[in-house]
Amino acid sequence: MLAYPKIQARAHAGLDAVVGRTRLSTFADYPHLPCIRAMAKEVLRWSSIGPFAILHPSAGDDWYEGMFILKGTICIPNVSHMNRDPKIYGEDAA
C-alpha cells in the first residue's frame, strides 16, 4: 500500500464509514466494502499465495489447443501465469 496511498486512504474511509472504529469488521460487512474486496482480489492476483492451484484430475477426455487430455490426467493450474495474462489484465499485467 506504500505505492498507492490514495487507494489506501479511500479503502480506509470506506471501512470507517461501514464498520466505524468501535468494532471489528465481519463477513456481514463484506458486501458493503467494494474497495476492500477489490484490493484483496488484486493483491492475491498480483502475488498469489503459491504459483499453482490445487492439483485435480480432468473430468473427461478433452482437447486443449490441439493437445488431447485423457480423462483422469492430473492437471496443475499455473495461477501465476493465468493472473498475468495481458489479454485480460492489460499490457502492464506482468
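A.B. asks: In this structure, what is going on with the environment of Gly-66? I would like to understand it.
C.D. replies: By the element assignment, Gly-66 lies in the loop between strand 2 (62–64) and strand 3 (67–69). Separated by 26 residues in sequence, Gly-66 and Asp-92 place their C-alpha atoms 29 Å apart.

A.B. asks: Hey, could you run me through the packing of helix 1 (residues 5–18) against helix 2 (residues 34–46) in this one?
C.D. replies: When two helices pack together, you describe them by how their axes are tilted relative to each other and by the distance separating the axes. Two numbers describe how helix 1 lies on helix 2: the axes approach to 8 Å, and their chain directions differ by 135°. Comparing their axes, helix 2 and helix 1 come out oblique. Contact residues: helix 1 offers Ile-7, Arg-10 and Ala-11, while helix 2 offers Cys-35, Ile-36 and Met-39. Of the residues belonging to the contact of helix 1 with helix 2, the class tally is five nonpolar, no polar and one charged.

A.B. asks: For this particular structure, what's the right way to read the pattern of salt bridges?
C.D. replies: Any two side chains of opposite charge can pair if their charged atoms end up close together. Applying the stated rule across the entire model yields two salt bridges. Where Arg-21 meets Asp-16, a salt bridge forms, and the shortest distance between an N and an O atom there is 3.1 Å. Arg-21 gets classed as exposed once you look at its relative accessible area, which sits at 68%. Residue classification places Asp-16 among the partly exposed residues on the basis of a relative accessible area of 27%.

A.B. asks: Please clarify how unusual backbone geometry should be interpreted in this entry.
C.D. replies: For residues other than glycine, phi is negative in most cases, and the peptide bonds are mostly trans. One non-glycine residue with positive phi stands out, namely Glu-65, at about 50°. Take Glu-65: it is sitting in the loop between strand 2 and strand 3.

Parameters at a glance
Residues numbered from 1 in each chain as written. Predicted model: local features only at pLDDT ≥ 70, side-chain atom pairs only at ≥ 80, totals over all residues. Heavy atoms only, no water. Helix = DSSP H or I, 4+ residues; strand = E, 2+ residues; numbered from the N terminus. Axes fitted to C-alpha atoms, helices over the stretch in contact; angles between N-to-C directions. Parallel < 35°, antiparallel > 145°, perpendicular 65-115°, else oblique. Contact = heavy atoms within 4.5 Å. Nonpolar A, V, L, I, M, F, W, Y, C, P; charged D, E, K, R; others polar. Salt bridge = Lys/Arg side-chain N within 4 Å of Asp/Glu carboxyl O. Buried < 20%, exposed > 50% of the residue type's maximum accessible area, 1.4 Å probe, protein only.

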